[in-house]
Amino acid sequence: MDIDWGALGTVFVVALVAAVVLTVLFAYGIRGLSARETAREQGGSGAAAFTGSIVCFAVCAAVVAYGIYLIAA
């Protein structure tokens, strides 16, 4: 039994990058929701922060759905 170390390294790097990107996107989404609440408490609308957080959450959901698609295919 031979191990393809190049392929294993590629899988490791892609998984690591995907985990970091998803974590950062989700954190920005949470931060955007928090900024919206702060803006609304100060009398503003916070629409830009809310829109940004929705985009971050949508990208997170798309990446997760793509990962599930790759596993199932």
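The preceding data block contains the structure.
Owing to the predicted nature of the structure, the values given are computational and were not obtained by experimental measurement. (Residues numbered from 1 in each chain as written. Predicted model: local features only at pLDDT ≥ 70, side-chain atom pairs only at ≥ 80, totals over all residues. Heavy atoms only, no water.)

(A) Fine view of helix 1 (residues 5-41). Here helix 1 spans 54 Å end to end across 37 residues, near enough to the 54 Å set by a 1.5 Å rise per residue. Every buried residue of helix 1 is accounted for by Leu25, Gly29 and Gly32. Looking at the buried positions of helix 1, the neighbouring elements they touch are helix 2 (47-72). Just past helix 1, the residue Gly43 takes up positive phi, approximately 95°. (Helix = DSSP H or I, 4+ residues; strand = E, 2+ residues; numbered from the N terminus. Expected span 1.5 Å × (residues − 1). Buried < 20%, exposed > 50% of the residue type's maximum accessible area, 1.4 Å probe, protein only. Contact = heavy atoms within 4.5 Å.)

(B) Up close: a nonpolar patch on the surface. Judged by side-chain polarity, Phe12, Val13, Leu16, Val17, Val20, Val21, Val24 and Tyr28 come together as a nonpolar surface patch covering roughly 750 Å² of accessible area. Mapped onto the elements of the fold, Val21 is located in helix 1. (Patch = residues over 30% accessible without salt bridge, like charges linked within 9 Å, V, L, I, M, F, W, Y side chains within 5 Å. Areas by Shrake-Rupley, 256 points an atom, 1.4 Å probe, with all protein chains shown as cover. Salt bridge = Lys/Arg side-chain N within 4 Å of Asp/Glu carboxyl O.)

(C) Expanded view of the packing of aromatic side chains. The final tally for this structure, using the stated rule, is two aromatic pairs. When the centroid spacing of 5.4 Å and the interplanar angle of 55° are considered together, the rings of Phe26 and Phe57 count as tilted. Remark: Phe57 occurs in helix 2 and Phe26 occurs in helix 1; sequence separation between them is 31 residues. For Phe26, a relative accessible area of 45% puts it in the partly exposed group. The ring of Phe50 carries Arg36 above its face, with NZ or CZ at 4.3 Å from the centroid. (Phe/Tyr/Trp six-rings, centres within 6.5 Å; stacked < 30°, edge-to-face > 60°. Lys NZ or Arg CZ within 6 Å of the ring centre and 35° of its normal.)

(D) Geometry of the packing of helix 1 against helix 2. Two numbers describe how helix 1 lies on helix 2: the axes approach to 8 Å, and their chain directions differ by 155°. In terms of orientation, helix 1 and helix 2 fall into the roughly antiparallel class. For the element pair helix 1 and helix 2, the recorded crossing hand is left-handed. Side by side, helix 1 and helix 2 meet where Leu22, Leu25, Phe26, Tyr28, Gly29, Ile30, Gly32, Leu33, Ala35 and Arg36 of the first sit next to Ala49, Phe50, Ser53, Cys56, Phe57, Val59, Cys60, Val63 and Val64 of the second. (Axes fitted to C-alpha atoms, helices over the stretch in contact; angles between N-to-C directions. Parallel < 35°, antiparallel > 145°, perpendicular 65-115°, else oblique. Left-handed = near helix turned anticlockwise from the far one by under 90°.)

(E) Region of the structure containing the environment of Ser45. Within the secondary structure, Ser45 sits in the loop between helix 1 and helix 2. Under the relative-accessibility criterion, Ser45 is labelled exposed at 54%. The residues touching Ser45, leaving out its near neighbours within four places in the chain, are Arg36 and Arg40.

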